[in-house]
Amino acid sequence: MSMIAAFYSNKSVLITGATGFLGKVLMEKLFRTSPHLKVIYILVRPKSGQTLQERVFQILNSKLFEKVKEVCPNVHEKIRPISADLNQRDFAISKEDMQELLSCTNIIFHCAATVRFDAHLREAVQLNVIATQQLLLMASQMPKLEAFIHISTAFSNCNLSHIDEVIYPCPVEPRKIIDSMEWLDDSIIDEITPKLIGDRPNTYTYTKALGEMVVQQESGNLNVAIVRPSIVGATWQEPFPGWVDNLNGPSGLIIAAGKGFLRSIKATPMAVADLIPVDTVVNLTIAVGWYTAVHRPKSTLIYHSTSGNLNPCNWYKMGLQVLATIEKIPFESAFRRPNADFTTNNFTTQYWNAVSHRAPAIIYDFYLRLTGRKPRMLKLMNRLLRTISMLEYFINHSWEWSTNNTEMLLSELSPEDQRVFNFDVRQLNWLEYIENYVLGVKKYLLKEDLAGIPKAKQHLKRLRNIHYLFNTALFLIVWRLLIARSQMARNIWFFIVSFCYKFISYFRASSTLKV
Ligand SMILES: CCCCCCCCCCCCCCCCCCCCCCCCCCCCCC(=O)SCCNC(=O)CCNC(=O)[C@H](O)C(C)(C)COP(=O)(O)OP(=O)(O)OC[C@H]1O[C@@H](n2cnc3c(N)ncnc32)[C@H](O)[C@@H]1OP(=O)(O)O
Ligand SMILES: NC(=O)C1=CN([C@@H]2O[C@H](COP(=O)(O)OP(=O)(O)OC[C@H]3O[C@@H](n4cnc5c(N)ncnc54)[C@H](OP(=O)(O)O)[C@@H]3O)[C@@H](O)[C@H]2O)C=CC1
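Here's a quick rundown of the structure. Because the structure is predicted, anything quoted here is derived from the model rather than measured. (Residues numbered from 1 in each chain as written. Chains lettered and ligands numbered in written order. Predicted model: local features only at pLDDT ≥ 70, side-chain atom pairs only at ≥ 80, totals over all residues. Heavy atoms only, no water.)

### Examining the site of ligand 2
1) Next: Looking at ligand 2, there are 26 residues lining it, with Thr19, Lys47, Arg55, Tyr204 and Lys208 nearest.
2) Next: The separation between an oxygen atom of ligand 2 and a polar main-chain atom of Phe21 is 3.0 Å.
3) Next: The separation between an oxygen atom of ligand 2 and a polar side-chain atom of Tyr204 is 2.7 Å.
4) Next: Calculation on ligand 2 without its partners gives an accessible area of 890 Å², and the protein chains cover 90% of this total.
5) Next: Every element with two or more residues in the shell around ligand 2 is listed here: helix H2 (21-33) and helix H10 (203-218).
6) Next: The residue inventory of the shell around ligand 2, partitioned by class, reads 13 nonpolar, 8 polar and 5 charged. (Near = heavy atom within 4 Å. Polar contact = N/O pair within 3.5 Å; in protein donor to acceptor, adjacent residues only side chain to side chain. Areas by Shrake-Rupley, 256 points an atom, 1.4 Å probe, with all protein chains shown as cover. Helix = DSSP H or I, 4+ residues; strand = E, 2+ residues; numbered from the N terminus. Nonpolar A, V, L, I, M, F, W, Y, C, P; charged D, E, K, R; others polar.)

### Observations concerning the environment of Gln50
1) Next: Positionally, Gln50 belongs in the loop between strand E2 (39-44) and helix H3 (52-60).
2) Next: Other than its neighbours up to four places away in sequence, Gln50 contacts Arg55 and Gln58.
3) Next: Only 3.1 Å separates the side chain of Gln50 from the side chain of Gln58, close enough to count as a polar contact. (Contact = heavy atoms within 4.5 Å.)

### Side note on the environment of Val215
1) Next: Along the chain, the position of Val215 falls in helix H10.
2) Next: Spatially, the C-alpha atoms of Val215 and Gln133 are 7.2 Å apart, while their sequence positions differ by 82 residues.

### Let's talk about the site of ligand 1
1) Next: Every one of the 32 residues lining ligand 1 counts as a neighbour, but Arg116, Phe117, Tyr204, Leu247 and Arg386 are closest to it.
2) Next: A distance of 2.9 Å separates an oxygen atom of ligand 1 from a polar backbone atom of Gly249.
3) Next: Interatomic distance of 2.7 Å between a side-chain N/O atom of Arg386 and an oxygen atom of ligand 1.
4) Next: In isolation ligand 1 exposes 1,600 Å². Once the protein is present, 77% of that is buried.
5) Next: Top contributing element to the shell around ligand 1 by residue count: helix H15 (residues 377-395), with 7 residues.
6) Next: Its residues assigned to classes, the shell around ligand 1 comprises 20 nonpolar, 7 polar and 5 charged.

Read these as spatial facts, not as claims about activity.
See the structure below:
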């Protein structure tokens, strides 16, 4: 019997960010392993014209929840969506709902955040810092609360190269930042943002670091722990391999490479690719919830959910395996034949951006115009290049994260818990994982049927022929122009033709002699 699963039986759990990538997998695993869990409260906002109920219905009816429904058929009764907007005062939760949350909650998992790298500082502070502060305040009024687990990111201190499981203070106190957001206008915030974020690449990593400081400073007597995942990828094992439902991290780039849009990307091939499967993060998070509640460590423990120091993989190996899988299982309706490569300096990156990204987009747009359609490829390509420029920082640096607390926790688990809540990344086979990841992107993100693979292969063959035809035509046109204008080109041409003629004559003569 799993001690952790038993611990969550009859518990009331509150999850923020439950509609997000990590939150969904967390909910799924909790229900599947602890079907006798009392209730999971989720703070949800209406979105994209959907009500809360419709959003929950959509999640429960997704493939991710198929197994849960077998072990916990009344799962829909155990999810209690609470209308909430974390950007509002008191999260805009009704009085009755707030009363219920305050009096019943046993465990909090705080996953909600803005993970956008280009978020305005005000927006990122609001969600990643102020909302965390408000949630802690709420938590302090919960008499039955046993643990508060805050999900941060391993990149909150990406300005350092070696990162321990401790909180590193930012120069300006979070309270001062929060106060200043109230009276500074957007233009002044824009001006001071680069100074505040310092050598971090974006507002996301900066505000996640501030969020950790808030947790440390304002948790009072609460039992608090922080989990810091690195780059969260598709599921490794559970509930099935390869599940992913958003474009963040590598997923968007896998699509861009597989559809033939992405031809080159600036990367340090031997830098560690610190990916961590989402189910590994979730297993650790659930185990941290149990450990924090039961063992009540004296200080706030931080757990790194990273792979680099225990089972490293680099970008070269990862990129190669992505391409190998795409060759075996191609994506449908590719723009060009997938063939991406890494560049290592700014000059080659700019060159390939012009030649391999923008030029084909311009040609394709020209073709669209000719056929009476609206050009769109250059716009799309520029958007992709902008996205890549924001991710580049993370594929051109290496970090070392210590994992002492995570390893300590693993050793504290019973063999059964180590099996049910496996977060030992040493067991991960990268090649197999990446293959499943790419397959998952095809099935769950692109919603492509595997029956379409022969057609996709046919399409790639056609693209290859178009590519050869285009290159040959281009070569002939350039050559013809050169010959018309340059004596040197004519001389070279004459030399090549006469050399080929002599070679063929010699070959013919020697074969006649043999006969
Ligand atoms: C001898 C042989 C030699 C061979 C050599 C080797 C082979 C080489 C092979 C090379 C290539 C192979 C490719 C394989 C790739 C694998 C390796 C690359 C992985 C790179 C991983 C990057 C690491 C990320 C680091 C994360 C660190 C921090 C982790 C965290 O804590 S937080 C979670 C991460 N957060 C994010 O990822 C958010 C990022 N997104 C954003 O911030 C925003 O979306 C944005 C990028 C700023 C764009 O904002 P916009 O407002 O412009 O647009 P919007 O969001 O509305 O979306 C616009 C359209 O773009 C699509 N899109 C969004 N995100 C992505 C994305 N990440 N990638 C691609 N596309 C994206 C979106 O869907 C929209 O599309 P539309 O709806 O069609 O318009
Ligand atoms: N994905 C990754 O690579 C990594 C993620 N993390 C951390 O993990 C956590 C979860 O990330 P992930 O699941 O990937 O992110 P997602 O973007 O998938 O999910 C974010 C969640 O936050 C919710 N949310 C955002 N704004 C509000 C709001 N104003 N009110 C209520 N809810 C809101 C979203 O709700 P809605 O659906 O309504 O938008 C969604 O449920 C974050 O704390 C992130 O920093 C850490 C390292 C890496």
